Amino acid sequence: DATIVFLIVVFLSAITQIGFGIGCSLHCLPILITSRALTGVFYEAIDTATIPITVPFFTKRYSLLSGLTNGFLRLGSVANFVLSPILYKKYGLSVAIWSACVIAILQV
């Protein structure tokens, strides 16, 4: 079932975000790189995993479906781009990274 696969991918994506935060806190480059690479893989899977779930609602409007999905997922990126520099200046790198991780988890 597509919904179960989607939920598994979202869960694994959240774990990779937490892994990135842990890698930052531990100053461990291999954890940072591995977590970020896996996050990219899972985000691409999230982009495509939503299609079988939402296609019945947009039977002849696939381009609209794709645009809405990608637009919504990019809102988290925009929030990170705006908030991260502010949080970094006020609280430091660790808070900026962990807040970015939380935003990324919540956007999905």
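The structure this text deals with has already been given above.
Notes on the structure in this doc start here.

What counts, and where the lines are drawn
- Residues numbered from 1 in each chain as written.
- Predicted model: local features only at pLDDT ≥ 70, side-chain atom pairs only at ≥ 80, totals over all residues.
- Heavy atoms only, no water.
- Helix = DSSP H or I, 4+ residues; strand = E, 2+ residues; numbered from the N terminus.
- Buried < 20%, exposed > 50% of the residue type's maximum accessible area, 1.4 Å probe, protein only.
- Areas by Shrake-Rupley, 256 points an atom, 1.4 Å probe, with all protein chains shown as cover.
- Axes fitted to C-alpha atoms, helices over the stretch in contact; angles between N-to-C directions.
- Parallel < 35°, antiparallel > 145°, perpendicular 65-115°, else oblique.
- Contact = heavy atoms within 4.5 Å.
- Nonpolar A, V, L, I, M, F, W, Y, C, P; charged D, E, K, R; others polar.
- Core = buried A, V, L, I, M, F, W, Y, C linked by side-chain atoms within 4.5 Å.
- Patch = residues over 30% accessible without salt bridge, like charges linked within 9 Å, V, L, I, M, F, W, Y side chains within 5 Å.
- Salt bridge = Lys/Arg side-chain N within 4 Å of Asp/Glu carboxyl O.

## Looking at the overall build of the protein
For the protein, the helix and strand inventory stands at 4 helices and 0 strands. Starting at the N terminus and walking to the C terminus, you meet the elements of the protein as α-α-α-α. Projected onto its principal axes, the C-alpha coordinates of the protein cover approximately 45 × 25 × 15 Å. Residues classed as buried in the protein amount to 31% of the 108 residues present. As presented, the protein carries roughly 7000 Å² of accessible surface, and 76% of it is formed by carbon and sulfur atoms.

## Considering the packing of helix α1 (residues 2-26) against helix α4 (residues 93-107)
Where α1 contacts α4, the two axes come as close as 9 Å, and the packing angle between them is 180°. With respect to α4, the axis of α1 lies roughly antiparallel. Each of Ala14, Gln17, Ile18, Phe20, Gly21, Ile22, Cys24 and Ser25 in α1 lies in contact with α4, whose residues at this interface are Leu93, Ser94, Ile97, Trp98, Cys101, Ala104 and Ile105. Residue composition of the contact of α1 with α4, grouped by class: 11 nonpolar, 4 polar and no charged.

## Some points on the nonpolar core
With 8 residues, the main nonpolar core is built from Phe6, Val9, Phe42, Tyr43, Ile46, Ala49, Leu73 and Ala104. Broken down by secondary-structure element, the contributors of at least two residues to this core are α1 and α2 (29-54). Element by element, the count of residues in this core is highest for α2, at 4 residues.

## So, a nonpolar patch on the surface
On the surface, a cluster of nonpolar side chains totalling about 460 Å² of accessible area is made up of Ile4, Ile8, Phe11, Leu12 and Ile15. As for its position among the elements, isoleucine 15 is in helix α1. Residue isoleucine 15 is classed as partly exposed on the basis of its relative accessible area of 41%.

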